[in-house]
Amino acid sequence: MLQDDAAAPAQPEGWAEPVATALLVLADGTVLEGFGIGATGEAAGEVCFNTAMTGYQEILTDPSYAGQIVTFTFPHIGNVGTNDEDLESLDAAPASGVRGAVIASAVTNPSNWRSSRHLDGWLKARGIVGITGIDTRALTALIRDRGMPNAILANDPQGRFDREALTAKAAALPPMEGLDLVPPVTSREAKGWGETVWQHPVGYGSRAPGEGLKVVAIDYGVKRNILRLLAEAGCDVTVVPATASAEEVLALKPDGVFLSNGPGDPAATGEYAVPVIRALLDRKVPTFGICLGHQLMGLALGGRTVKMSQGHHGANHPVKDHTTGKVEIVSMNHGFAVDPSSLPANAVETHVSLFDGSNCGLSLTDRPAFSVQHHPEASPGPQDSHYLFDRFVSLMRQTKGGNA
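Looking at an unreviewed UniProt entry, the chain carries the name Carbamoyl phosphate synthase small chain, with the source organism given as Methylobacterium aquaticum. Turning to the chain, the UniProt record has this under Sequence similarities (unreviewed entry): "Belongs to the CarA family." Quoted verbatim from the Subunit (unreviewed entry) heading of the UniProt record, the comment on the chain is "Composed of two chains; the small (or glutamine) chain promotes the hydrolysis of glutamine to ammonia, which is used by the large (or ammonia) chain to synthesize carbamoyl phosphate. Tetramer of heterodimers (alpha,beta)4."

Here is the structure:
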């Protein structure tokens, strides 16, 4: 509920006004009162909204949300509980890129055969601060009108808050522009990956290494399901840190390189990532990028990225693939976009958002490389975009055959 300085009407005798145990304090001084859930304390970040109706656990463990507080527009969050399988961050330890969660309705007891934990306890264990009882539609409208604001999310079971101090903290937060948020979410060392997609009733499968195309995945905050689909497509995947040099990548003798999703301003991450990508493209190594990886490829080609007002965060975005003429329903999670007018002549726009016309994909005419802004592994369509992984495999096979 929004703070209101007007005098409150007299309450019926015996009425007990509920005490706000959590606040979302925006940088402009707007205060939203609610009830705390998850970890106590304060969380600071940029507030965005996500329109997906499912997948809240995957959203809350997506490293691309580092530095952000996520508002869920769907009111029923937590109703299927949580489990130990549906994590997207590569590190399964209690940590997450998400700074906080904003939820409309109170979280009910879970009802799902895969559930092993209530959302509240799961948030506490991962150190994620949450708030419920918020008019998330009003907050979403505010973001659409004014852009994504910085904020402090505070949770105190006793309801003790210094609102003036919280407002000052929110106002002092740096903008997302210029922030490299990859270092806290990238892998610390190279590691192999063999897990494949989930199938009922056995769960996640695995494949033996040494039988497929060698793919080096540069981890800017990679999601597990991307790696699963690469393995499912027949790739032997090695994940390397975001700071890996071109020489270190090439020493692994890859048939292809994957550029992962991740958080923050691509121009900031590009300070060290772009030279590596340029070197790999110059060597004509087959390359496939998703989300931040797409933006970094655009920068490596000499293009530029721009900050979006409200970003794209949801699982219902229509994107047209110009190469097939088909429209896909895709999952999005990004606050920056590639400016297509800045791309060189050898970069062809392959995908475009039907919501706002923003760039959602590119491919090169002179090198075996392509990338997309959306998340083909998230399966909102449900599998409209899985062909992109097969496209990558075909590109590697063609290049490998041509070099044989």
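Here the narrative resumes.
Bringing the nonpolar core into the picture now. Ranked by internal contacts, the top residues of the largest apolar core, which has 39 residues, are L24, V47, L60, F72 and L119. It is strand β3 (residues 41–50) that contributes the most residues to this core, 4 residues altogether. Those residues within four positions of V47 in sequence are excluded, and the remaining contacts are L24, L26, I69, T71, L139, I143, M148, P149 and A151. One finds A242, V285, L292 and L364 within the second-largest nonpolar core, a separate group that totals 30 residues.

The UniProt feature table records "binding site: L-glutamine" (unreviewed entry) at S64, G262, G264, L292, Q295, N333, G335 and F336. Sequence-wise these annotated residues cover 273 residues; spatially they are packed, their C-alpha atoms never more than 13.0 Å apart. Secondary-structure assignment places G262 in the loop between β13 (256–259) and α7 (266–282). Among all residues touching G262, those that are not within four sequence positions of it are S64, Y220, G221 and L292. Following the sequence through the fold, N333 ends up in strand β16 (residues 326–338). Looking at N333, the relative accessible area reads 5%, which means it is buried. In contact with N333, not counting residues within four places along its chain, are D62, S64, Y65, C291, H312, H313 and H375.

On to the sheet that holds strand β7 (residues 150–155). Spatially, 7 strands are ordered β1-β2-β6-β5-β4-β3-β7 in a closed barrel, and the strand pairing comes out mixed. Looking at each pair of strands side by side, their axes are set apart by 35° on average, direction ignored. Taken strand by strand, helix α3 (residues 136–146) contacts β1 (22–26), β2 (31–38), β3, β4 (68–72) and β5 (100–102), and its axis lies near 75° from that of β3.

The next subject is the packing of α7 against helix α8 (residues 292–300). Between α7 and α8, whose axes approach to 8 Å, the crossing angle comes to 70°. Relative to α8, the element α7 is oriented roughly perpendicular. Here α7 runs over α8; the crossing is right-handed. On the side of α7, the interface is formed by P266, A267, T269, G270, A273, V274, I277, R278 and L281, while α8 contributes L292, Q295, L296, M297, L299 and A300. Of the residues assigned to the contact of α7 with α8, the class counts are 11 nonpolar, 3 polar and 1 charged.

Basis of the calculations
- Residues numbered from 1 in each chain as written.
- Predicted model: local features only at pLDDT ≥ 70, side-chain atom pairs only at ≥ 80, totals over all residues.
- Heavy atoms only, no water.
- UniProt positions renumbered as here; feature names shortened; annotations may be inferred.
- Core = buried A, V, L, I, M, F, W, Y, C linked by side-chain atoms within 4.5 Å.
- Buried < 20%, exposed > 50% of the residue type's maximum accessible area, 1.4 Å probe, protein only.
- Helix = DSSP H or I, 4+ residues; strand = E, 2+ residues; numbered from the N terminus.
- Contact = heavy atoms within 4.5 Å.
- Pairing = 2+ DSSP bridges.
- Axes fitted to C-alpha atoms, helices over the stretch in contact; angles between N-to-C directions.
- Parallel < 35°, antiparallel > 145°, perpendicular 65-115°, else oblique.
- Left-handed = near helix turned anticlockwise from the far one by under 90°.
- Nonpolar A, V, L, I, M, F, W, Y, C, P; charged D, E, K, R; others polar.

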